[in-house]
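Residue-level structure breakdown
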Amino acid sequence: MFVNTQMRMFVLILYILWRSVFVIGNKKINILYLIADDLRPTLGCYSDPVVKSPNIDQLASMSKVFNNAYAQQAVCAPSRVSFLTSRRPDITKLYDFNSYWRGHAGNYTTLPQYFKSNGYTTLSVGKVFHPGIASNHTDDYPYSWSVPPYHPPSFKYEKRKVCKDKDGTLHSNLLCAVDVSEMPLGTLPDMENTAEAVRLLKSMADSRTPFFLAVGFYKPHIPFRIPKEYLKLYPVENISMPPDPDVPKKLPDVAYNPWTDIRKREDIQALNVSFPYGPIPKDFQLQIRQHYFASVSYVDAQVGKILHTLDDLGLTKNTIVVFSSDHGWSLGEHGEWAKYSNFDVATRVPLIVFKPGVTSPLPSPGEKTFPFIDVFQSTRERFGKGQRVKSTVELLDIFPTLSNLAGLRPVRRCPPRSFEIELCTDGSNLASYIRNPEKDLNRESYSFSQYPRPSDSIQENSDLPDLADIRIMGYSIRSLDYRYTLWVGFDPAQCQPNMTDLHAGELYMVAEDPGEDNNIFNELEYAAILRKLGVQSSWSDSLQHHIMYFSNSLKSKMIL
């Protein structure tokens, strides 16, 4: 008995000593989380041949770059609540902008809240949570943040008539490259966000308390209200059409996104585009793509200024940096624009994670890790592509991954329907990918997304139906080899799918069809497959079960 007591005391003392050393050594591991809005991986570091993004490319060259990262729903509020709570939309019960998860679903702990509870000063700049009802009109303050979040004063003009036409009249346009000096307040929201982030970094530089600073940029979200000089980087005569600008013949109507939001802009309305397919005239399509690319370079400059400040303050050596987005954005592929679908162009996002001393060596005294690169002054920079992870991951994974990298207590995996559990994750901890090279490509890694529709036919509210109007949910699984989506009946009162009520399906073999243009779902004897495989306890298990069956079947036929 005495020996056992001594042993327990010895182990306890060792644990306390280990914890004290760990905490002392890591008390200043800060987090800088940079979030773009509507950004697909159109970046140089993702091998995009057009976009100029030297500052993000420089970050990527010293980071782990996840090639196949996906959002859980391709619209702002549901995606942000999902990855900030690490719960899927069926658990947050948020598919639109019209509810606050703490009152509507469960009192879930958020990523910044978890860091705050572990002694961090948590700070929010710009669009981190989606503003409005979805974050209780407070950006979830005071739960998630130590001080009230910052919102740039100039944002209130974002949807006003501030876009100058050729005749000098002002409009609320989609294309809105401006002379910043002529704008109300003489600035733009992301410029103000950058200035505030720089101010906060300076204020925290000498603090003994670690910080979690999230900076949410408003671009490249529409309208494309950006400094007009960025258009010079992309002469419209050098812009090409997407490789697949037509609506795929085998695409079910329920899967199509009729891009209602951009139709509301005055310059689009002037085109008299028919509903639902259009198309938009080719010359205007090229201008949309030009303005999107220019918006990405504008965001890149803001990222560069913030990282340059991190360097100047000597904070790079003890700050984890994450760069990502809430979802992607269609640029004319499949005859679609904006987000609101399960296609890769809408769900795939950049995900870049930098940890000093892990993803790159610690900087020497006086050495600059992130010198600012002026895209107007430099030729296209050639950086290393960083350390690549090709396995499929999700935005849900950021919460458990950052917790692990910062040395916080691990967040446990959520059980099914975890409404009563405040702290758990539907994601996976990616820290091993960040600390170690990816030795073997995991072909059985999956990401899941979903998108709601009000009906099988295309309607004005197909893009963004209110919860009460949702009748169909498109549940989608993405592996390295397939994109597989089932459109099934959905009960909005219970937020529950009926997996046996099949409305439509999509199956794409992405190795030979990377654009997801040739839907082979109807070539399968799906009814027989469904009877054979049955329905699993959750939709994600069902889709995973089906995709494994397809893979084995196609391999046996020597198709793969």
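Below or above, wherever it landed, is the structure these notes cover. (Residues numbered from 1 in each chain as written. Predicted model: local features only at pLDDT ≥ 70, side-chain atom pairs only at ≥ 80, totals over all residues. Heavy atoms only, no water.)

**Observations concerning the packing of aromatic side chains**
This structure, assessed with the given rule, holds 25 aromatic pairs. Judged by centre distance (5.6 Å) and plane angle (15°), the rings of W101 and F129 are stacked. Of this pair, W101 sits in helix α5 (residues 101–104) while F129 is found in the loop between β3 (121–126) and β4 (163–164), placing the two residues 28 residues apart along the sequence. Assessed through its relative accessible area of 1%, W101 is described here as buried. Judged by centre distance (5.2 Å) and plane angle (70°), the ring pair of F354 and F370 falls under edge-to-face. Taken together, the residues F354 in strand β12 (residues 348–354) and F370 in the loop between β12 and β13 (387–394) connect sequence positions 16 residues apart. Like F370, F354 is buried. (Phe/Tyr/Trp six-rings, centres within 6.5 Å; stacked < 30°, edge-to-face > 60°. Helix = DSSP H or I, 4+ residues; strand = E, 2+ residues; numbered from the N terminus. Buried < 20%, exposed > 50% of the residue type's maximum accessible area, 1.4 Å probe, protein only.)

**Details of the sheet that holds strand β2 (residues 64–70)**
Here seven strands make up an open sheet; going across it, the order is β3-β7-β1-β9-β12-β2-β13 and the pairing mixed. With partners counted over all chains shown, the strands left at the sheet margins are β3 and β13, one partner each. The sheet shows a mean angle of 15° between the axes of neighbouring strands, taken without regard to direction. Bridge count for strand β1 (residues 30–36) against strand β7 (residues 211–216) is five bridges, and the pairing is parallel. Within the sheet, the bridge partner assigned to I31 lies in β7 and is F212. Each of β1, β7 and β9 (319–325) is contacted by helix α10 (residues 282–312), which is oriented at about 170° to β1, the strand it contacts most. (Pairing = 2+ DSSP bridges. Axes fitted to C-alpha atoms, helices over the stretch in contact; angles between N-to-C directions. Contact = heavy atoms within 4.5 Å.)

**Thoughts on the nonpolar core**
By size, the foremost hydrophobic cluster in this structure holds 84 residues, and its most contacted members are L34, F323 and W329. Of all the elements, α10 adds the most residues to this core, at 14 residues. In contact with W329, other than residues within four places in its own chain, are D38, R40, I222, F224, I262, I288, Y292, W337, A338, K339, V345 and A346. In this structure, W101, W145, V349 and L430 belong to the second largest nonpolar core, which totals 47 residues. (Core = buried A, V, L, I, M, F, W, Y, C linked by side-chain atoms within 4.5 Å.)

**Some points on the pairing of β12**
Across the seven residues that make up β12, a large majority, six, are buried. Pairing analysis gives five bridges linking β2 to β12, with the strands arranged antiparallel. Paired with A69 across the strands is V349, a residue of β12. As paired elements, β9 and β12 share four bridges and run antiparallel to each other. Opposite F323, over in β12, you have I352 as the bridge partner.

Function cannot be read off these values alone, since they describe shape.
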